[in-house]
Amino acid sequence: MRFILFARRLLLTVAAATALVTASGSAPALAVSAGPDKAPLFNGSVYAIAYRGGTAYVGGSFTSVSWGGRTYARARLAAFDASSGTLLSWAPAANSTVRALAVSGSSVYAGGNFTTVSGRSRDNLVRLDAATGAVGSFAHRVSGVPYALAAGNGRLYAGGSFTAVDGSTRRNLAAFSLTSGALDGGWRPSADDSVHALAVTSSRVYLGGSFHLINGVSRTLRVAAVSPSGGSVDRGFLPTAPAQVNGLATDSAGVYAATGGQGGRAIAYTTGGTMRWQRVFDGDAVAVAALGGTIYVGGHFDRACTTVNNGAHGACTDGSVSRVKLAAISGRGALTGWAPQANGVIGVRALVVDRTRGAIGAGGDFTTIGGQNRKRYASFH
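A few points on the structure.

So, how was this worked out
Residues numbered from 1 in each chain as written. Predicted model: local features only at pLDDT ≥ 70, side-chain atom pairs only at ≥ 80, totals over all residues. Heavy atoms only, no water. Helix = DSSP H or I, 4+ residues; strand = E, 2+ residues; numbered from the N terminus. Polar contact = N/O pair within 3.5 Å; in protein donor to acceptor, adjacent residues only side chain to side chain. Contact = heavy atoms within 4.5 Å. Phe/Tyr/Trp six-rings, centres within 6.5 Å; stacked < 30°, edge-to-face > 60°. Buried < 20%, exposed > 50% of the residue type's maximum accessible area, 1.4 Å probe, protein only. Lys NZ or Arg CZ within 6 Å of the ring centre and 35° of its normal. Salt bridge = Lys/Arg side-chain N within 4 Å of Asp/Glu carboxyl O.

Relative to the assigned elements, Asp354 resides in strand S28 (residues 348–354). Side chain to side chain, Asp354 and Arg357 meet in a polar contact 2.9 Å long. Ignoring anything within four residues of it in the chain, the contact list for Asp354 reads Tyr51, Gly53, Ala82 and Ala359.

This structure, assessed with the given rule, holds 13 aromatic pairs. The interplanar angle of 85° and the centroid separation of 6.2 Å between the aromatic rings of Phe237 and Tyr269 together place this pair among those described as edge-to-face. On the criterion of sequence distance, the pair formed by Phe237 in the loop between strand S18 (223–226) and strand S19 (245–251) and Tyr269 in strand S21 (residues 264–269) is long-range, its members being 32 residues apart. Residue Tyr269 is classed as buried on the basis of its relative accessible area of 1%. Ring pairs connect the aromatic residues Phe42, Phe62, Phe80 and Tyr377, which therefore count as one cluster. Stacked on the ring of Tyr47, the Lys or Arg Arg99 has its end atom at 5.0 Å from the ring centre.

Close approach of charged atoms lets side chains of opposite charge pair. Applying the stated criterion across every chain, the model contains 6 salt bridges. Of the charged contacts, one joins Arg349 and Asp365 as a salt bridge, the two residues approaching to 2.6 Å between their closest N and O atoms. Placement of Arg349 in strand S28 and of Asp365 in the loop between strand S29 (359–364) and strand S30 (368–369) is noted, with a sequence separation of 16 residues between them. Look at Asp365 and you get partly exposed, because its relative accessible area is 23%. Through salt bridges with shared partners, one network takes in Asp37, Asp354 and Arg357.

See below:
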């Protein structure tokens, strides 16, 4: 039996790799399997995923999680073994939706619409112990909702729809010291509308959202880059996105954006801001992740267009192929054969790389992947 299972998995991997070679004309790193791993089942939406070693942390609107034939109370935050799917005892309780997660060292940061976590007052932002789930002393008053969190360069960066932190003006962007927890007074970029996505490197913080201007600088329409320490606009990266940017990812080749609009798009930029390629779908692209030279996209779409042209309601006009809520694109912009086929209307809300396992985690509102029962979370390795 073990041999049969191994053979099936090997065939899936070889098939995915063959599809990549056919699509791009060269052989990049092997794609992840289209078959989902074992995972817990969630009774409500999963908005955010973060990995730390072998542990997966998730946040959302769910109130219970099922695993091993039993159902456990989990108030919008949960953790489990990323490989086996075994639910862990980690169970801080948020009183409303968790929309963003980030991990740094022994801490898990969560942002969203909540006002209390495990009975302690926390205004839309909280730090949790990664092992016990205990609420940390990190506490700030956020006048609005964080939609995205990212840790790097000694800071926790937050983007969203808010106007102030601790009474200090912060227009949709803020940063905090990972050491002291204090609001960073020196990092003060300003966005004129909401920020939905962040991607951090050692030299830049990439921003995506529905904004038109960052710091009043022109050509910062919906996607931009700022310095990691002061927040000034990096004028070496000035592309414009055609619609709201919902997700961002980076790798050594550049920057990737998932957008909405008339249909959705996955767009690849160089680090200089030049568009390398784009792929068009018949619905919004909401999330994007880069792993091993392959770009993974999730969203509300059902089909991937064979050209960049689409029409009313995003419908592909020059032909299309089925890619229900999930798709993968080679580093050169060619659609690959990876097609797990999730269900639902909203589909996928989050895609995150699990670097420990070389896997992709997906969260959202789907309940099946390729006909298999996978309620609102799935991973592919």
